[in-house]
Amino acid sequence: MSAPYTFDVFSSLDGFGAAGGDWSGYWGKQGTEFLDHRLTQYAPEQRMVLGANTYRAFVGILASGTEESVRDPWVTRMLHLPTTVVSSSLNEPLDWPDATVAPGDAVDVVARLKKESAVPLRSHGSLSMNRALMAAGLVDRVQVTVFPVITGSTGLHSIFHGAADFDLELIESRTLGGQIQELIYRPTLHS
């Protein structure tokens, strides 16, 4: 049996994973319903899979403590889930509880994890890694949480820039706090 793999990402309406300027975490649009829902999603046992760049960014944000969202309960829960960091440049021990480094190509690492893991796999962010995993057919679900903003001049990290073409089957959707859309798709490479 293969463990399911979810690529979980936050997005502005125009497809950016973050923004510069005076935008705060969640683009300032989070609310109780959104935060409670995130905690519910991270409550079950699962294994996080992060690329090295995302790991470094998360550790930097957590260490600085300047971003208020790092104190949200779902972030704390994510931090304490077993985590595999795919990297050929990092060495253990990592500054992350229960994290291990898996050197090598992300496609090979995740293919192995999908075969061996007794729990679902989830990645939050790690854009370039997840684009490669999607192209290899290893992503079972793409969970996009769309915040009601357009960050045309301040957008950072175009989520699908350079990705292959995919057909998406919508398998779940919900509105959180009356304005945030969570869309969960099953991707298949467009042929």
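What counts and what doesn't
Residues numbered from 1 in each chain as written. Predicted model: local features only at pLDDT ≥ 70, side-chain atom pairs only at ≥ 80, totals over all residues. Heavy atoms only, no water. Helix = DSSP H or I, 4+ residues; strand = E, 2+ residues; numbered from the N terminus. Pairing = 2+ DSSP bridges. Axes fitted to C-alpha atoms, helices over the stretch in contact; angles between N-to-C directions. Contact = heavy atoms within 4.5 Å. Salt bridge = Lys/Arg side-chain N within 4 Å of Asp/Glu carboxyl O. Buried < 20%, exposed > 50% of the residue type's maximum accessible area, 1.4 Å probe, protein only.

**Points about unusual backbone geometry**
Backbone torsion omega between Glu92 and Pro93 reads 0°, so that peptide bond is classified as cis. You can see Pro93 is positioned in the loop between strand S4 (83–86) and strand S5 (99–102). Not every positive phi belongs to a glycine, and Trp27 is a case in point at roughly 55°. Tracing the chain through its elements places Trp27 in the loop between strand S2 (16–19) and helix H1 (32–42).

**Points about the sheet that holds strand S1 (residues 5–12)**
Taking strand neighbours across the sheet as the criterion, the eight strands line up as S5-S4-S3-S6-S1-S7-S10-S9 in an open arrangement whose pairing is mixed. Because the sheet does not close on itself, it has two edges, and the strands there are S5 and strand S9 (166–176). Across the sheet, the mean angle from the axis of one strand to that of its neighbour is 25°, orientation sign disregarded. Two strands pair when backbone bridges link them, and strand S3 (residues 47–51) and strand S6 (residues 121–124) are joined in this way by two bridges, in the parallel orientation. Counterpart to Arg47 in the pairing with S6 is Leu121. Helix-sheet contacts for helix H4 (residues 106–116) involve S1, S3, S4, S5 and S6, and the interaxial angle to S4 is about 155°.

**Regarding the pattern of salt bridges**
Summed over the entire model, instances satisfying the criterion amount to nine salt bridges. Measuring nitrogen to oxygen at the nearest pair gives 3.4 Å for the salt bridge that ties Arg77 to Glu45. Placement of the pair is Arg77 in helix H3 (residues 73–79) and Glu45 in the loop between H1 and S3, with a sequence separation of 32 residues. Residue Arg77 is classed as partly exposed on the basis of its relative accessible area, which comes to 21%. For Arg174, the salt bridge identified is with Glu172, shortest N-O distance 3.6 Å. Overall, the relative accessible area of 30% leaves Arg174 in the partly exposed class. Residue Glu172 is classed as partly exposed on the basis of its relative accessible area, which comes to 31%. Among the ionic contacts, a cluster of salt bridges with common partners joins Arg141, Glu172, Arg174 and Glu182.

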